[in-house]
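# Understanding the architecture of this molecule
Spelled out, the chains give:
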Amino acid sequence: MVVVVGILIALQVGQWAQGREARQTERTYLLRLKEDLQIERTRAVDAMEFGKSRLEAVEYLGRTVTDPAFVTNDPTGLPWAIETAAWRSFPKITSFVYDELQNTGKMSLIRSVALRRALAEHYASMAHDGRVGEDRSAEQAFDQATAGLLTMKELVGIERVGGRRRIEIGEERAQSLAREFASRRQAVEQLPSLAQHHVFNMRVISEMQSRIDRLTAMIDDELAR
């Protein structure tokens, strides 16, 4: 009896220790997942601003083509719009911890089935939407069609401010640049595709932010248990 009781106690203590270690490991992964999601959230906020700026550039170019006099009201916007209309507007996704859990077979450490399902849906959605958001075909076609429009000085000036501010050009240069851009039919034909691309990305980013907020709240609930 003493031996049997001792064995049972030892097994129970061992199971308790394993359970405690598993909960500590789960907590560590939950904190790391939350950190990844916070990084994604920050990138999503930045990407939303990028998307708005890119769409503004596309709309500026469209207005310039349909109304050539428009450029005289805002000449500094033209080189900025030509250079940044096709820049990236889809955020980089940080799924390092989620991938680690999957690849190591440790996903079961997350006890909440609802949280596991929500994480799977989030990263599956990002993988699916990323195939469209990362598509650079319209950008490449636009860049090829607008090659040589801007001077080296203009390109360097826009790059120095990261495309976030406009550079000064004269009204005469702006009008000449507007006429030359309008004559690049292949560039003009890409404007609807670029606009659609950025609008799609902003919609995806908005949905991404909502999912991240929900996931973060679910993780906080699990950490509070």
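Residues numbered from 1 in each chain as written. Predicted model: local features only at pLDDT ≥ 70, side-chain atom pairs only at ≥ 80, totals over all residues. Heavy atoms only, no water.

What follows concerns the packing of helix H5 (residues 113-133) against helix H9 (residues 185-223). Running from N to C, H5 and H9 point in directions that differ by 165°, and their axes come no closer than 10 Å. With respect to each other, H5 and H9 are oriented roughly antiparallel. Here the hand of the crossing between H5 and H9 comes out left-handed. The segment H5 lies against H9, with Ala 114, Leu 115, Ala 118, Leu 119, His 122, Ser 125, Met 126, Asp 129, Val 132 and Gly 133 engaging His 197, Phe 200, Asn 201, Val 204, Met 208, Arg 211, Ile 212, Arg 214, Leu 215, Met 218, Ile 219 and Glu 222. Here the residues of the contact of H5 with H9 sort into 13 nonpolar, five polar and four charged. (Axes fitted to C-alpha atoms, helices over the stretch in contact; angles between N-to-C directions. Helix = DSSP H or I, 4+ residues; strand = E, 2+ residues; numbered from the N terminus. Parallel < 35°, antiparallel > 145°, perpendicular 65-115°, else oblique. Left-handed = near helix turned anticlockwise from the far one by under 90°. Contact = heavy atoms within 4.5 Å. Nonpolar A, V, L, I, M, F, W, Y, C, P; charged D, E, K, R; others polar.)

This next bit is on H9. Structurally, the α-helix is built with 3.6 residues per turn, so residues lying three or four positions apart point the same way. A rise of 1.5 Å per residue sets the reference length of H9, with its 39 residues, at 57 Å; its end C-alpha atoms lie 57 Å apart and thus fit the reference within 8%. The sharpest bend along H9 measures roughly 30° and falls at Leu 191, with the proline Pro 192 sitting one to four residues further on. (Expected span 1.5 Å × (residues − 1). Bend = angle between axes of the 7 residues up to and from the residue.)

This structure, assessed with the given rule, holds 14 salt bridges. Between Lys 52 and Glu 49 there is a salt bridge, and its shortest N-O distance comes to 3.7 Å. Of the two residues, Lys 52 and Glu 49 are both situated in helix H1 (residues 2-66); the distance of three residues between them amounts to about one turn of the helix. Given a relative accessible area of 44%, Lys 52 falls into the partly exposed group. (Salt bridge = Lys/Arg side-chain N within 4 Å of Asp/Glu carboxyl O. Buried < 20%, exposed > 50% of the residue type's maximum accessible area, 1.4 Å probe, protein only.)

What follows deals with the packing of aromatic side chains. How two aromatic rings sit relative to each other is set out by the distance from centre to centre and by the angle between their planes. What the rule picks out here adds up to three aromatic pairs. Here the guanidinium or amino end of Arg 166 rests over the ring plane of Trp 80, the centre of that ring lying 4.7 Å away. (Phe/Tyr/Trp six-rings, centres within 6.5 Å; stacked < 30°, edge-to-face > 60°. Lys NZ or Arg CZ within 6 Å of the ring centre and 35° of its normal.)

By themselves, these observations are geometric and do not establish any function.
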